[in-house]
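Structural overview
Spelled out, the chains give:
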Amino acid sequence: MSLDAVDAVNWSAIRNPTGHQCDDPERVAQQLRRLTVSTTANETGDAASLLAGGAFVCDHAGMVLPAAYAATPIPLNLVEHG
């Protein structure tokens with residue numbers, strides 16, 4: 001999976017239902033880029049943690065944010081193909 005898949009999504013067109021800066025869909029794009037280029041377990045863990053920590057899911061509210069729908073194929077492809 002290349003960065004092209006991340007860049008192909010128009011992240012700014014995805015709404016942020018909470019209005020909080022930490023839930024900005026651009027944050028998902030940043031963390032997916034970090035995840036895509038990570039080469040160590042620490043880099044991968046950091047990116048995944050930040051991805052799960054906002055803009056992708058809101059665990060305390062039990063909601064999946066709209067950016068997650070566009071983002072999900074990218075980490076799934078990374079898991080499948082490395």
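Residues numbered from 1 in each chain as written. Predicted model: local features only at pLDDT ≥ 70, side-chain atom pairs only at ≥ 80, totals over all residues. Heavy atoms only, no water.

**Some details on the packing of helix α2 (residues 25–37) against helix α5 (residues 73–81)**
Working note: a packed helix pair is described by the angle between its axes plus the distance between those axes. Taken N-terminus to C-terminus, the directions of α2 and α5 make an angle of 10 degrees; their axes are 11 Å apart at the nearest point. Considering the angle they form, α2 stands roughly parallel to α5. Residues L32, L35 and T36 of α2 touch α5, and the partners they reach there are I74, P75 and L78. (Axes fitted to C-alpha atoms, helices over the stretch in contact; angles between N-to-C directions. Helix = DSSP H or I, 4+ residues; strand = E, 2+ residues; numbered from the N terminus. Parallel < 35°, antiparallel > 145°, perpendicular 65-115°, else oblique. Contact = heavy atoms within 4.5 Å.)

**A short note on the side chain of Q31**
Its location among the elements puts Q31 in helix α2. Apart from residues no more than four positions distant in its own chain, Q31 is found in contact with A47, L50 and L51.

**Remarks on the nonpolar core**
V6, W11, V28 and L32 are the most contacted members of the largest nonpolar core, which totals 13 residues. Contributions of two or more residues to this core are made by α2, α3 (41–52), α4 (66–71) and α5. Considering each element in turn, this core owes the most residues, four residues, to α2. Excluding residues that lie within four positions of it along the chain, V6 makes contacts with W11, A29, L32, R33, T36 and I74. (Core = buried A, V, L, I, M, F, W, Y, C linked by side-chain atoms within 4.5 Å. Buried < 20%, exposed > 50% of the residue type's maximum accessible area, 1.4 Å probe, protein only.)

**Concerning the pattern of salt bridges**
Scanning the model with the defined rule gives one salt bridge in all. Two residues, D7 and R33, come together in a salt bridge whose shortest N-O distance is 2.9 Å. Of the two residues, D7 sits in helix α1 (residues 3–7) while R33 sits in helix α2, which places them 26 residues apart along the sequence. Classification of R33 as partly exposed rests on a relative accessible area of 30%. (Salt bridge = Lys/Arg side-chain N within 4 Å of Asp/Glu carboxyl O.)

**Looking at α2**
Given a rise of 1.5 Å per residue, 13 residues ought to cover 18 Å, and the 19 Å separating the end C-alpha atoms of α2 matches this to within 8%. All buried positions along α2 are accounted for by P25, V28, A29, Q31, L32, L35 and T36. The inward-facing, buried residues of α2 abut α1, α3, α4 and α5. (Expected span 1.5 Å × (residues − 1).)

**A closer look at the environment of N16**
Looking at the element boundaries, N16 is found in the loop between α1 and α2. Spatially, the C-alpha atoms of N16 and P66 are 7.4 Å apart, while their sequence positions differ by 50 residues. When residues no more than four places from it in sequence are discounted, the contact partners of N16 are D23, D24 and P25. For N16, the side chain forms a polar contact with the main-chain oxygen of H20, separated by 2.8 Å. (Polar contact = N/O pair within 3.5 Å; in protein donor to acceptor, adjacent residues only side chain to side chain.)

The analysis is restricted to geometry; functional conclusions fall outside its scope.
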